[in-house]
Amino acid sequence: MEKVVCVKSAKVPIVKIWDPELGLACDMNVNNTSALENTRMVRTYVEIDERVRPLAMILKYWTRRRIVNDAGRLAFGDPPLHLLSLSFFGTNLVTDSM
């Protein structure tokens, strides 16, 4: 791992890690139970409807390219993007996929 940085000014303590071998960036936090619940919710919807993940990934890519995905700068973080993806399918999430 390289470029391990602690972001003390974040709403919850964040450690940013970059792995050049894998080309992978990761943000980690501790004791944030709402993030765990959000992850479980998104995983459930991804399991229910195969269209959710690709749409969420497209939105994430689009916001990154336009530099509007940094929650620390009052922009979209991942949870609002996931909710936006889910709301796109509306109340017919399960029935549309069957």
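Residues numbered from 1 in each chain as written. Predicted model: local features only at pLDDT ≥ 70, side-chain atom pairs only at ≥ 80, totals over all residues. Heavy atoms only, no water.

A.B. asks: Honestly, the pattern of salt bridges in this entry has me stumped. Any pointers?
C.D. replies: Here the idea is simple: oppositely charged side chains can pair when their charged atoms come close. Overall, the coordinates contain three salt bridges when judged by the stated rule. Here Lys16 and Asp27 are joined by a salt bridge, their closest N and O atoms 3.1 Å apart. Taken as a pair, Lys16 in strand 2 (residues 14–19) and Asp27 in strand 3 (residues 24–29) lie far apart in primary sequence, eleven residues in all. Overall, Asp27 belongs to the partly exposed group, its relative accessible area being 47%. Put simply, Asp49 and Arg51 hold a salt bridge, and the shortest N to O gap is 2.7 Å. Among the residues examined, Asp49 registers a relative accessible area of 1% and is labelled buried. (Salt bridge = Lys/Arg side-chain N within 4 Å of Asp/Glu carboxyl O. Helix = DSSP H or I, 4+ residues; strand = E, 2+ residues; numbered from the N terminus. Buried < 20%, exposed > 50% of the residue type's maximum accessible area, 1.4 Å probe, protein only.)

A.B. asks: So what exactly am I meant to see when it comes to the pairing of strand 3 here?
C.D. replies: On any regular strand, side chains alternate: one points to one face of the sheet, the next to the other face. Across six bridges, the pairing between strand 2 and strand 3 is antiparallel. Along strand 3, the bridge assignment pairs Trp18 with Ala25. What sits between the antiparallel neighbours strand 2 and strand 3 is a turn of four residues, in which Gly23 has the positive phi angle 65 degrees. (Pairing = 2+ DSSP bridges.)

A.B. asks: What exactly am I supposed to notice about the sheet that holds strand 3 here?
C.D. replies: Pairing between the strands of a sheet comes from backbone hydrogen bonds, and it takes one of two forms, parallel or antiparallel. Here we have three strands laid out as an open sheet, ordered 1-2-3, and antiparallel in their pairing. In this open sheet, the two strands that pair with only one neighbour each are strand 1 (2–7) and strand 3. The mean angle between the axes of side-by-side strands here comes to 15 degrees, regardless of whether they run parallel or antiparallel. One ladder, built from four bridges, connects strand 1 with strand 2; its direction is antiparallel. Bridged to Glu2 within strand 2 is Trp18. (Axes fitted to C-alpha atoms, helices over the stretch in contact; angles between N-to-C directions.)

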